[in-house]
Amino acid sequence: FTADIVNFSNNSTDKCGGAIFAQDSYMAFDVRNIMFAGNKTLDDGGAIYVFTPSTFTFNAENINFSANASNASGGAIAAHSSEFTFSADNINFSGNTAANGSGGAIHANSSVFTFDGANINFSGNTANEKGGAIYNAGVLNLASAGSIIFAGNTAGGVDNDIYNAIGSTINITGSGNVIIGGGINGEGIINKTGEGTLCLGGKNDIGELNATNGVIKIESGSKYTGGILKAQGAAINMQNGTDEEIKLTGLFISETNLKIDVMADGKNDKVTASSATVGGNLDIKTMVGDYTSGVEYEILSATGGVYGVFASSGIMNAEKLNYEIKYLSDKIILSVTGLYKSEFETMLGLTYNQSETARVFDTISENAGAFAAIITEMEEKRTSADEQDRKDVLSFLAHTSGYFIANVIRNAAADSPSDEIYDKIKNHKGEKTNNGVWLQAKGGEEIFKEDAQSPENYKDKSIGVMAGIDRYDEDKNIMYGAYARLNQDNIEQGKNKADAVKSGIGIYGGYIKESWEIKAMALGSYDKFETQRAVMGEKAKGNIEAITINADIEGALNIWATENIKIRPYGAIEAANANYGEIKEKEGGIYNLKIKSGNYVRTSARIGAGAQYIKGIWLGYAEIEGKYLISGERPEIESVFEARSEEFKSRGTEEGKAMIGAGLGGEAQAGKNWTIFANVKIYAGEKYESITANAGVRYVFGR
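The paragraphs below set out a description of the structure included in this document.

**Some points on the pattern of salt bridges**
Argument step 1. A complete count under the given rule lists 44 salt bridges for this structure.
Argument step 2. Here Arg32 ties to Asp4 by a salt bridge, and the two come within 3.8 Å at their closest N and O atoms. Separated by 28 residues along the polypeptide, Arg32 in the loop between β4 (26–30) and β5 (33–37) and Asp4 in the segment before β1 (5–9) bring together distant segments of the chain.
Argument step 3. On the basis of relative accessible area, Arg32 is assigned to the partly exposed category, the value being 43%.
Argument step 4. The shortest N-O distance in the salt bridge between Glu343 and Lys320 comes to 3.4 Å. Placement of Glu343 in the loop between β39 (331–340) and α1 (352–364) and of Lys320 in the loop between β37 (312–315) and β38 (321–327) is noted, with a sequence separation of 23 residues between them.

Structure representation (structure tokens):
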């Protein structure tokens, strides 16, 4: 085949090979793009079935086998006594299925498969029996200079990438990394001569692994059992911040570099075998913690004897820790003494939040528990000369604080309900009635801009509805009323998110004279926030419940400049208190916060002047004001990490105290008893911006 695109899609058969069946054949694809997609068979080989002896070569820029399905084995390809060679920039096997057999993508029986490409991916393939991606009962050559990645493949309902049958061989000869996410099992042999890294994740049970070049990397949380493991020229790297064990029934050899983790709580990486030979280097990575009482670790045991010694060894933080290696007939014991704790507090230029988390992590580091790996990683970066490492540490200290929660709690009290109510309080003589009901919709956006304490802008978009009833007593120049409010808020700050529902009831009133007036209002609100805090790849979720009380009183003069224009200078005091209960986050792993209950108080004073134009059925107004924040510019919470007792504080964005606002509004009579109205108001200050808008109708009745 020579073409720009070759596409075999959605073919099906009740025999073998959904798209191609070949026997005693040679087939070459020398094209730019090759696709086998959605092919199906009730037998072996969802896309291709090849029988004795055949040769297939694929040379292309892109090779894609996706969503092919076999009711037996080989979701994409089933081959017997044949040879397949794949060479391309991008090779992808994804979503293929062997419903009642083995080899979710490939079933190779007495066959040779060779892969060479810049990017090779096996993902989301499924087999009912063995080999989530590949069932190898022949020779599998992984010769890529680029990465070969296995991820999300399953066999028999559990994570698995490759089954390497007894008598079979996997040759890893390429310079690129081979990343196994779900594990390799089977009694076959793996030979690694390439200089890249073989990363073993998931559950591995390997008959024999011989490595003469590169690195064998044991990933965190993985399992390794098997027969023989010989690293003669290759390093074995078990350093991942957690304790793993390599369990062998046969021989273990490490002649180049064995890299292990040890923890202050006595856990460590370990190898067990029937017999073992060591040489080369031992690289010891310690987690933060208190080793002062002396901790011993069995790092290698072999019932048939341990032979040789490490030619060299080293321990991280040698200036703080001492170690000794003891060679016994059947085991190697490592002992470590000293104190290794983090020193984040010594960093220059820390913000308040960073200094608080630095202090608590330095304390935790002496008995770090689940925090050992991340604190150790960040402490290593702290001592690095790389500027990016320093930035990573500062980011860690910032994002593990609870600044977002502090901002959310402020949100409960930062509203100014007077902006929604005070235009209702006025002299209603012209309406020839004493009573009124009203309904209005509202919307707005509030922004607290980022600062060193609180990375990225905090944005709250809200919509809501309000309704009220009031009465005007013309003889006493008094107006009074009650109302209810329901708001829905959508909040984002970078990757942090929150949704809120605020429901409240309030009262309002005023003493209205021709030349002056006093207005006042109070609102009680039940506010519930569902928060999601993004921290170090985790999503810590919490619920905040707060009772918020707002109150405002305003005095104004009414100065008639003309028959239709009234000038209105005014001044006001506003106060709010949000009382919130204890907050317990979940789903954020070690970064979950338990936040103490508390109060956030916000007070402000404002002065301004407005002008009203009144003529016939129309009323319009404009105003400008200055507001000064007396308290509440710096919200703060106190918390601990879940399952820890070390307390620390977190602050949200620090606002400027002064801001300026402007508003426009108007109303018009829409009939004998109806009035429509609308208004908008904006505020701007240092680190703060907001805009709110209201629109509604009022119905008057009775006397």
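We are not done yet, so read on.
**Considerations on the sheet that holds strand β48 (residues 583–584)**
Argument step 1. An order of β48-β49-β52-β53 is seen for the four strands of this open sheet, with the pairing classed as antiparallel. Lying at the two open borders of the sheet, with one neighbouring strand each, are β48 and β53 (648–651).
Argument step 2. α1 rests against β52 (636–641) and β53 of the sheet, and its axis sits at about 155 degrees to β53.
Argument step 3. Across the sheet, helix α4 (residues 403–414) touches β48, β49 (593–595), β52 and β53, and the angle it forms with β53 is around 60 degrees.

**So, the side chain of Asn679**
Argument step 1. Following the sequence through the fold, Asn679 ends up in strand β55 (residues 674–685).
Argument step 2. One polar contact links Asn679 to Asp423, side chain to side chain, over a distance of 3.0 Å.
Argument step 3. Other than its neighbours up to four places away in sequence, Asn679 contacts Asp419, Asp423, Tyr621, Leu664, Gly665, Thr692, Ala693 and Asn694.

**Quick look at the packing of aromatic side chains**
The way to describe two aromatic rings as a pair is by their centre distance and the angle between their planes.
Argument step 1. If you walk through the whole model with that rule in mind, you get 40 aromatic pairs.
Argument step 2. On the basis of an interplanar angle of 75 degrees and a centroid distance of 6.1 Å, the ring pair of Phe58 and Phe65 is categorised as edge-to-face.
Argument step 3. Measuring from centroid to centroid gives 5.3 Å for Tyr135 and Tyr163, while their planes differ by 15 degrees, and the two rings are stacked. With a gap of 28 residues between them, Tyr135 in strand β15 (residues 134–142) and Tyr163 in strand β19 (residues 162–164) connect regions that are remote in the sequence. Neither Tyr135 nor Tyr163 differs from the other in exposure class; each is buried.
Argument step 4. Its guanidinium or amino end placed over the ring of Trp438, Lys424 lies 4.6 Å from that ring's centre, counting from NZ or CZ.
Argument step 5. It is Arg651 that lies over the ring of Tyr352; its NZ or CZ is 3.6 Å from the centre.

**Some details on a nonpolar patch on the surface**
Argument step 1. Together, Ile478, Tyr480, Tyr511, Trp516, Ile518, Ile553, Leu557, Ile559, Ile567, Ile573, Tyr628 and Ile630 make up an exposed nonpolar region whose accessible area comes to about 1,000 Å².
Argument step 2. Elements with a contribution of two residues or more to the nonpolar patch: β42 (478–493), β44 (516–535), β45 (538–557), β47 (565–580) and β51 (618–631).
Argument step 3. Here Leu557 shows up in strand β45.
Argument step 4. Taking the relative accessible area as the measure of exposure, Leu557 reaches 45% and is therefore partly exposed.

**Quick word on the sheet that holds strand β2 (residues 12–13)**
Argument step 1. Read across the open sheet, the seven strands follow the order β2-β6-β9-β12-β14-β17-β18; overall the sheet is mixed. Two strands lie at the open edges of the sheet, namely β2 and β18 (158–159), each paired on one side alone.
Argument step 2. Pairing analysis gives two bridges linking strand β14 (residues 126–127) to strand β17 (residues 154–155), with the strands arranged parallel. Paired with Ala127 across the strands is Ala155, a residue of β17.

**Examining the environment of Gly589**
Argument step 1. If you trace the backbone, Gly589 turns up in the loop between β48 and β49.
Argument step 2. Given the relative accessible area of 40%, Gly589 is considered partly exposed.
Argument step 3. Separated by 62 residues in sequence, Gly589 and Asp527 place their C-alpha atoms 26 Å apart.

**A closer look at empty space enclosed by the protein**
Argument step 1. On inspection of all chains with the given rule, the structure shows one cavity of 30 Å³ or more.
Argument step 2. Forming the boundary of the largest cavity are 31 residues, of which Ala414, Asp415, Ser416, Glu446 and Tyr688 lie nearest the centre.
Argument step 3. Looking at side-chain class alone, the lining of the largest cavity contains eight nonpolar, 10 polar and 13 charged residues.

**Details of the pairing of strand β8 (residues 55–66)**
Argument step 1. Sheet topology note: the β4/β8 ladder contains five bridges and is parallel. Bridging across to β8, Met27 finds its partner in Phe56.
Argument step 2. Bridge analysis of β5 against β8 gives five bridges, and the strand direction is parallel. Bridge assignment links Phe36 to a residue of β8, and that residue is Phe65.
Argument step 3. Pairing analysis gives 11 bridges linking β8 to strand β11 (residues 83–94), with the strands arranged parallel. Residue pairing across strands places Phe56 opposite Phe84, the latter belonging to β11.

Definitions and limits used
- Residues numbered from 1 in each chain as written.
- Predicted model: local features only at pLDDT ≥ 70, side-chain atom pairs only at ≥ 80, totals over all residues.
- Heavy atoms only, no water.
- Salt bridge = Lys/Arg side-chain N within 4 Å of Asp/Glu carboxyl O.
- Helix = DSSP H or I, 4+ residues; strand = E, 2+ residues; numbered from the N terminus.
- Buried < 20%, exposed > 50% of the residue type's maximum accessible area, 1.4 Å probe, protein only.
- Pairing = 2+ DSSP bridges.
- Contact = heavy atoms within 4.5 Å.
- Axes fitted to C-alpha atoms, helices over the stretch in contact; angles between N-to-C directions.
- Polar contact = N/O pair within 3.5 Å; in protein donor to acceptor, adjacent residues only side chain to side chain.
- Phe/Tyr/Trp six-rings, centres within 6.5 Å; stacked < 30°, edge-to-face > 60°.
- Lys NZ or Arg CZ within 6 Å of the ring centre and 35° of its normal.
- Patch = residues over 30% accessible without salt bridge, like charges linked within 9 Å, V, L, I, M, F, W, Y side chains within 5 Å.
- Areas by Shrake-Rupley, 256 points an atom, 1.4 Å probe, with all protein chains shown as cover.
- 1 Å grid on protein atoms, 1.4 Å probe; cavity = no way out; pocket = protein on both sides within 12 Å on 5 of 7 lines; lining within 4 Å.
- Points joined across faces, edges and corners; volume = space filled by probe spheres on them.
- Nonpolar A, V, L, I, M, F, W, Y, C, P; charged D, E, K, R; others polar.

From the geometry alone we can't say anything about function, so treat these as descriptive.
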